[in-house]
Amino acid sequence: IRDSFRGQPAVPYVKSVQSKITTIVGAQWGDEGKGKITDFFAGKADYVVRFHGGNNAGHTVIVDGKVFKLHLIPSGVIYGDPLSVIGNGVVVDPKALINEIEYLKEKGINPRLIVSDRAHVIMPYHIALDSALSDHQKDLAAGSTNRGIAPVYADKMYRNGIRMIDLIEPDVFREKLDKGFDFNKGLIENALGQSLDHTVEEIFNTYIDYGKILKPYISDVSVELFNAYKNGKNILFEGAQGMSLDVDHGIYPYTTSSNTGAGHISIGTGVSFKSVNRTIGVVKAYLSRVGESPLPTELKDETGDHIRENGGEYGTTTGRPRRIGWLDLVQVRQAVRVNGLTEIALTKLDVLNNIDELLVCNAYEVGSDEIYEMPASLTDYRNAKPVYEKLKGWGEIPDNIWDKGFDKLPKEIKDYISFIEKRIECRVTILSVGPQRHETII
Ligand code: GDP
Ligand code: MG
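Calculation notes
Residue numbers run consecutively from 1 along every chain, following the written order of its sequence. The order in which chains are written sets their letters, starting at A; the order in which ligands are written sets their numbers, starting at 1. For this predicted model, a pLDDT threshold of at least 70 governs which residues receive local features, and a threshold of 80 or more governs which side-chain atom pairs are given and counted, while totals over whole chains, interfaces and linings are taken from all residues. Side-chain descriptors were evaluated using all non-hydrogen atoms of the structure, hydrogens and water having been removed beforehand. Atoms are scored as donors when they are N, O or S and lie within 2.8 Å of the metal, with 3.2 Å used for Na, K and Ca; no water is included, so coordination may look incomplete. Numbering of helices and strands runs from the N terminus; a helix is a DSSP stretch of H or I covering at least four residues, while a strand is a stretch of E covering at least two. For every residue, the accessible area obtained with a 1.4 Å probe (protein chains only) is divided by the maximum for its type, and the residue is called buried under 20%, exposed over 50%, and partly exposed between those limits. The criterion used for residue contact is that any of the two residues' heavy atoms lie within 4.5 Å. Any Lys or Arg side-chain nitrogen located within 4 Å of an Asp or Glu carboxyl oxygen qualifies as a salt bridge. Any residue with a non-hydrogen atom lying within 4 Å of a molecule or strand is treated as near it. For the purposes of these results, a polar contact is taken to be a pair of N or O atoms within 3.5 Å, where, inside protein, one atom must be able to donate a hydrogen and its partner to accept one; residues adjacent in sequence count only when each atom of the pair is a side-chain atom. To be clear on the numbers: accessible area is Shrake-Rupley with a 1.4 Å probe, and residue cover counts the displayed protein chains and nothing else. Here, any two strands with at least 2 DSSP bridges between them count as paired. The axes are straight lines fitted to the C-alpha atoms, using for helices just the contacting stretch, and the angles between their N-to-C directions are given from 0 to 180°. Roughly parallel here means an angle under 35 degrees, roughly antiparallel means over 145, roughly perpendicular means 65 to 115, and every remaining angle is called oblique. By convention, the crossing between two helices is left-handed when the near helix turns anticlockwise from the far helix through less than a right angle, and right-handed when the turn is clockwise. Here the term charged refers only to Asp, Glu, Lys and Arg, the term nonpolar to Ala, Val, Leu, Ile, Met, Phe, Trp, Tyr, Cys and Pro, and the term polar to all other amino acids, Gly among them. Whether two aromatic rings pair depends on their centres lying within 6.5 Å, for rings of Phe, Tyr and Trp, where Trp uses its six-membered ring; planes under 30 degrees apart make the pair stacked, over 60 edge-to-face, and the rest tilted. As a reminder, the over-ring test applies to NZ of lysine and CZ of arginine, requiring each to be within 6 Å of the ring centre and within 35 degrees of the ring normal. A helix is expected to span 1.5 Å for every residue after the first.

K.L.:
Give a description of the coordination of the magnesium ion (ligand 2) that names residues and reports values.
P.N.:
At this site the magnesium ion (ligand 2) is bound by Asp31 (OD) and Gly58 (O), with donor distances of 2.0 to 2.1 Å. Remark: Gly58 occurs in the loop between strand E2 (47-50) and strand E3 (59-63) and Asp31 occurs in the loop between strand E1 (20-26) and helix H1 (34-42); sequence separation between them is 27 residues.

K.L.:
So what's going on with helix H4 (residues 149-158)? Which residues, and what values?
P.N.:
Listed in full, the buried residues belonging to H4 are Ile149, Pro151, Val152, Tyr153 and Asp155. Structurally, H4 contributes buried residues whose contacts are with strand E6 (91-92), strand E8 (120-121), helix H3 (124-137) and helix H5 (170-191). Where H4 ends, the next residue or the one after it, Arg159, has phi of about 65°, a positive value.

K.L.:
Please set out the pattern of salt bridges residue by residue, giving values where relevant.
P.N.:
Under the defined criterion, the tally for this structure stands at 20 salt bridges. Between Glu32 and Lys34 there is a salt bridge; the shortest N-O distance is 2.7 Å. The exposure class assigned to Glu32 is buried, which follows from its relative accessible area of 0%. With its nearest N and O atoms 2.7 Å apart, the salt bridge here joins Asp415 to Lys411. Of this pair, Asp415 and Lys411 both sit in helix H13 (residues 411-424), separated by 4 residues, roughly a single helical turn. We classify Asp415 as partly exposed; its relative accessible area is 32%.

K.L.:
If you had to explain the site of ligand 1 to someone new, which residues and values would you point to?
P.N.:
Near ligand 1 lie 19 residues; those nearest to it are Lys34, His59, Thr60, Asp350 and Ser432. Gly58 places a main-chain nitrogen or oxygen 2.8 Å from an oxygen atom of ligand 1. Starting from 590 Å² of accessible surface for ligand 1 in isolation, the protein chains cover 92%. Of all elements in the fold, only H1 and E3 reach the threshold of two or more residues within the shell around ligand 1.

K.L.:
Account for the pairing of strand E12 (residues 286-289), naming residues and giving values.
P.N.:
Burial along E12 is two-sided: the face carrying Tyr286 and Ser288 and the face carrying Leu287 and Arg289 are both buried. Bridge count for E12 against strand E13 (residues 323-328) is 4 bridges, and the pairing is antiparallel. Directly across from Ser288, in E13, lies its bridge partner Ile324.

K.L.:
Quick rundown of the packing of H3 against H5? Include the residues and the values.
P.N.:
The geometry of H3 relative to H5 is characterised by a closest axis approach of 10 Å and an angle of 15° between their N-to-C directions. Comparing their axes, H5 and H3 come out roughly parallel. Note that H3 runs across H5; the crossing there is left-handed. Contacts between H3 and H5 involve Tyr125, His126, Ala128 and Leu129 from the first element and Leu177, Gly180, Phe181, Asn184, Leu187 and Ile188 from the second. When the residues that make up the contact of H3 with H5 are grouped by side-chain class, the tally is 7 nonpolar, 3 polar and no charged.

K.L.:
So what about the sheet that holds strand E14 (residues 343-347)? Which residues, and what values?
P.N.:
Taken in spatial order, the 10 strands make up an open sheet running E9-E7-E5-E2-E10-E1-E11-E14-E18-E19, and their pairing is mixed. Only two strands of the sheet have a single partner each, and these edge strands are strand E9 (218-219) and strand E19 (440-441). Relative to strand E7 (residues 113-116), strand E5 (residues 83-86) is paired through 3 bridges, and the arrangement is parallel. Paired with Ser84 across the bridge in E7 is Leu113.

K.L.:
Hey, could you go over the packing of aromatic side chains for me, with residue numbers and the actual values?
P.N.:
A complete count under the given rule lists 8 aromatic pairs for this structure. Look at Phe51 and Phe237: their rings are 6.4 Å apart centre to centre, the planes differ by 75°, and that puts the pair in the edge-to-face class. In this pair, Phe51 sits in the loop between E2 and E3 while Phe237 sits in strand E10 (residues 234-238), placing the two residues 186 residues apart along the sequence. Across this residue pair, the class does not change: Phe51 and Phe237 are buried. Seen from their ring centres, Tyr207 and Tyr210 are 5.0 Å apart, and the 70° between their planes marks the pair as edge-to-face. One end of the pair is Tyr207 and the other is Tyr210, both in helix H6 (residues 200-214) and 3 residues apart, which spans about a single turn. Residue class for Tyr210 comes out buried when judged on its relative accessible area of 14%. For Arg174, the ring lying beneath its charged end belongs to Phe204, and the centroid distance is 5.2 Å.

K.L.:
Describe H3, listing the residues and the values that go with them.
P.N.:
Taking 1.5 Å per residue, 14 residues should reach 20 Å; H3 reaches 20 Å between its end C-alpha atoms and fits that length. Looking only at H3, the buried set comprises Pro124, Tyr125, His126, Leu129, Asp130, Ala132 and Ser134. On its buried face, H3 sits against E8, H4, H5 and H6. Taken from the residues just after H3, Lys138 is the one with a positive phi, measuring 45°.

As far as function goes, none of this settles anything; it's purely spatial.
Rendered as structure tokens:
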């Protein structure tokens, strides 16, 4: 694919057709059910694209009772038809990528995949540095998955990084690796007082082998997607994590190390921000959080335990029990604003079945103030007390409701939805009432 762009401009022909670009992003702390919503749209997509993050993400998709757990390859891969794309904004652990390709093959899917030549590569020293960093950051550590994500992004900014293209160009790779290795070894051993059990030679040989395996997938993603756009193809962008984990707009430093917002699709794939038609924010009807940080609406009682068990709130990547809280509209309001959401997919409504009274946070009380927008101040956020509004629960969702449609939903669910829409000024257009592909109402 890469060579096909040689000797000709990106778009050698003329007419541009109306293309459809949809972005799906998390509006909370991740794990909102983006994998399921992406999968739902993937059937109509020609391309499904990841634009940030790495194998720290975890998406679960269930198709015909078969469970797929994906960390790096877009969830749309399960559909078979769309081309899966890993953009330059993603950081790639080549070993994890090779394993995931094998995992899919074992499940009967031979992934159609391209990976950006410009995507940065997670090296063994990034993984080693990650755990040393968490020790150093102590109470301000975000609760890293120790996959090397923060160090690889830092190396990119230091301009010590290795990119996918380098893995198939041994001389340049060696040049860059010598520099990156020394720097990171120095950090790990001299600055953080831990040891690095790898040699340059060993890393070089291993990664050149990875390069040989991955070479057929490496491509100029920006040009590929530009051509697709010009040809009227449908492109679906799949976010990982969620708004409050965005390194700029989230609860810094309790964030991930990439921009999770929809605005990042441009930088993370080389597709112009002007081209997007729909931006869907995925909102879970309550919230869950993996990792540290204050969590104003956290539930530490039986209701929280009930929701955790009912919703299977254990990390896809780490298996850690997720912290649970009531829906926080201060958080969702920010996601609507920053992402420019055109609509919301509200997920896991079934998990709130049979709870008599549902609480929803619409503001924070901080000292004598009420605030409606996410504060930058960690002091404010730490002191934030949720201002709740109470809504009536709905008992059970009727059986096979996805066949019967929205009108047959209990009145209390409809009230819950319109309450949310009014408070955040964004339409809810998709409801998810179970993990399976068909358990969805438009
Ligand atoms: P992601 O990271 O946003 O893609 O979400 P995860 O896959 O980490 O977590 C969402 C989990 O909830 C997965 O296990 C899904 O199968 C499941 N799920 C998604 N939507 C629903 C739903 O509407 N109801 C229920 N009960 N489970 C759901
Ligand atoms: Mg997840």
